[in-house]
Amino acid sequence: MTQNKIRWGILATGGIAATFTADLLTLDDAEVVAVGSRTLDAAQAFADRHGIPRAHGSWAELAADPDVDIVYVATPHSAHHAAAALCLDAGKAVLCEKPLTLDAAQAEDLCRRAEAAGVFFMEAMWTRTVPAVLRMVELVRAGAIGEPRLVTADFSVSFTGGPEHRMRNPELGGGALLDLGVYPLAISQLVFGTPSVVQAVATLTPEGVDDTTAVTLVHPGGGVSALTCSISADGTWSATVAGSEGRIEFGRGYTSPGGFSVFRGDTLVERVEAPFLAGGMVHEAIEAQRCLRAGLQQSPLAPWSETLAVMRTMDTVREQIGVSYPG
């Protein structure tokens, strides 16, 4: 690791990789030094677009690059485990897109690999790192809305892609839950922790992934979460944390919010503004770099235990709604 800049490698060349790279390039203390893809042509094209000096025609070449301090894994869900495992086993720190893997067993395996390699490892759940969500957690823990009792959250979009698209393709870990439902679950986990009861219902696509899913969680202490996600409905894409003395409301786009409102009854008590930087994804990069410089293996904002708890909850949901993935 250079003294002044963290050197990043980008694994995969799709839309999310481009968005993250654009955010990363806004940081003075970060440098994107390499990109890797399954083909050299794809890697080179991505490198040319973003001004990245080296392109690798395989994931293994990127993982072996001695000038890379940390790899951002941006493959489809189904390849997260293989790509992250390759980098961790090569001794590289990894920031891996959400959901970390297809199931908890794969996620646990990656955590074991990171621990054995002694390197930093984190799920790239940007919602856990943006300033507004961090401020919400602070206020809830300080008692600003009394005892938290209810989290309601929706992430539903009307998606028109065909059955071959990754969001409907079981081979690529498609469906609403893994792509969208992980966000409501992350908010619930932040407020209440791991649930004691999970109940879920869903409608499935002809391909066998979940189209629309509703999840009710009961938490130790009596808190309840009511969460929905869909790839066929134009939902509210909003979240509310309600307590015994008030509530916090996030408007549309709560997955990367710039602020929220605090209410008691019909009275607006406070409007909290906490804008995110760049496109919002930069905050997970900032946190990863902070942890690298501090010599941490885990981020306190996204510790392995909480990532695994969400993965296990999603496993339970998929079992109840009848969704499984090849292999």
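Below is a short write-up of the structure. (Residues numbered from 1 in each chain as written. Predicted model: local features only at pLDDT ≥ 70, side-chain atom pairs only at ≥ 80, totals over all residues. Heavy atoms only, no water.)

### Remarks on the pattern of salt bridges
Pairing is possible between side chains of opposite charge, provided their charged atoms come close.
And step 1. The final tally for this structure, using the stated rule, is 19 salt bridges.
And step 2. In this structure, Asp-69 and Arg-7 form a salt bridge, with 2.9 Å as the shortest nitrogen-oxygen distance. Taken as a pair, Asp-69 in the loop between helix H3 (59-64) and strand S4 (70-73) and Arg-7 in strand S1 (residues 6-11) lie far apart in primary sequence, 62 residues in all. Across the pair, exposure class does not vary: Asp-69 and Arg-7 are buried alike. (Salt bridge = Lys/Arg side-chain N within 4 Å of Asp/Glu carboxyl O. Helix = DSSP H or I, 4+ residues; strand = E, 2+ residues; numbered from the N terminus. Buried < 20%, exposed > 50% of the residue type's maximum accessible area, 1.4 Å probe, protein only.)

### Some details on the sheet that holds strand S3 (residues 54-56)
One key point about sheets: their strands pair by backbone hydrogen bonds, in either a parallel or an antiparallel sense.
And step 1. Spatially, six strands are ordered S3-S2-S1-S4-S5-S6 in an open sheet, and the strand pairing comes out parallel. Each of the sheet's edge strands pairs with one partner strand only, and the pair in question is S3 and strand S6 (121-124). Adjacent strand axes in the sheet meet at a mean angle of 25 degrees, parallel and antiparallel pairs treated alike.
And step 2. In this sheet, S6 lies alongside strand S5 (residues 93-97) in parallel orientation, the contact comprising four bridges. Of the residues in S6, the one forming a bridge with Glu-97 is Ala-124.
And step 3. On top of the sheet, helix H1 (residues 15-24) reaches S1, strand S2 (30-36), S4 and S5; it is set at about 165 degrees to S1, its chief contact. (Pairing = 2+ DSSP bridges. Axes fitted to C-alpha atoms, helices over the stretch in contact; angles between N-to-C directions. Contact = heavy atoms within 4.5 Å.)

### Let's talk about helix H5 (residues 104-117)
And step 1. Across its 14 residues, H5 extends 20 Å between first and last C-alpha, which sits within 8% of the 20 Å expected from 1.5 Å per residue.
And step 2. Residues of H5 that are buried include every one of Ala-104, Ala-107, Asp-109, Leu-110, Cys-111 and Ala-114, and no others.
And step 3. Residues of H5 that are buried make contact with helix H4 (80-89), S6 and helix H9 (304-321).
And step 4. One or two positions beyond H5, positive phi appears at Gly-118, with a value near 70 degrees. (Expected span 1.5 Å × (residues − 1).)

### A short note on the environment of Val-272
And step 1. Inspection of the secondary structure puts Val-272 in strand S14 (residues 267-273).
And step 2. Note: C-alpha distance between Val-272 and Met-136 (136 residues apart in sequence) is 9.0 Å.
And step 3. Those residues in contact with Val-272 that lie beyond four places of it in its chain are Arg-135, Leu-139, Gly-258, Gly-259, Phe-260 and Val-262.

### Focus on the sheet that holds strand S8 (residues 197-204)
And step 1. Ordered by their spatial adjacency, eight strands build an open sheet running S8-S9-S10-S7-S11-S12-S13-S14, and the pairing between neighbours is mixed. Whereas interior strands pair on both sides, the edge strands pair on one side only; in this sheet they are S8 and S14. Sheet twist, expressed as the mean angle between neighbouring strand axes with direction ignored, is 10 degrees.
And step 2. Judged from the seven bridges that link them, strand S7 (residues 148-156) and strand S10 (residues 224-230) form a sheet pairing that is parallel. Within the sheet, the bridge partner assigned to Val-151 lies in S10 and is Ser-225.
And step 3. On the sheet, helix H6 (residues 131-141) packs against S7, strand S11 (239-243), strand S12 (246-250), strand S13 (259-264) and S14 and is oriented at approximately 25 degrees with respect to S13.
And step 4. Sitting on the sheet, H9 is in contact with S8 and strand S9 (210-218), with an inclination near 50 degrees to S8.

### Let's talk about the side chain of Asp-210
And step 1. Within the fold, Asp-210 resides in strand S9.
And step 2. For the buried Asp-210, no salt bridge is present, and the opposite-charge side chain at shortest range is Arg-318, 7.7 Å distant.
And step 3. Side-chain polar atoms of Asp-210 contact the backbone nitrogen of Leu-177, separated by 2.8 Å.
And step 4. In terms of polar contacts, Asp-210 uses its side chain to reach the side chain of Thr-213, at 2.7 Å.
And step 5. The contact partners of Asp-210, leaving out residues within four places of it in the chain, are Gly-174, Gly-175, Ala-176, Leu-177, Ala-202, Thr-203, Leu-204, Thr-205, Cys-229, Ile-231, Ile-321 and Val-323. (Lys, Arg positive; Asp, Glu negative; His and termini not counted. Polar contact = N/O pair within 3.5 Å; in protein donor to acceptor, adjacent residues only side chain to side chain.)

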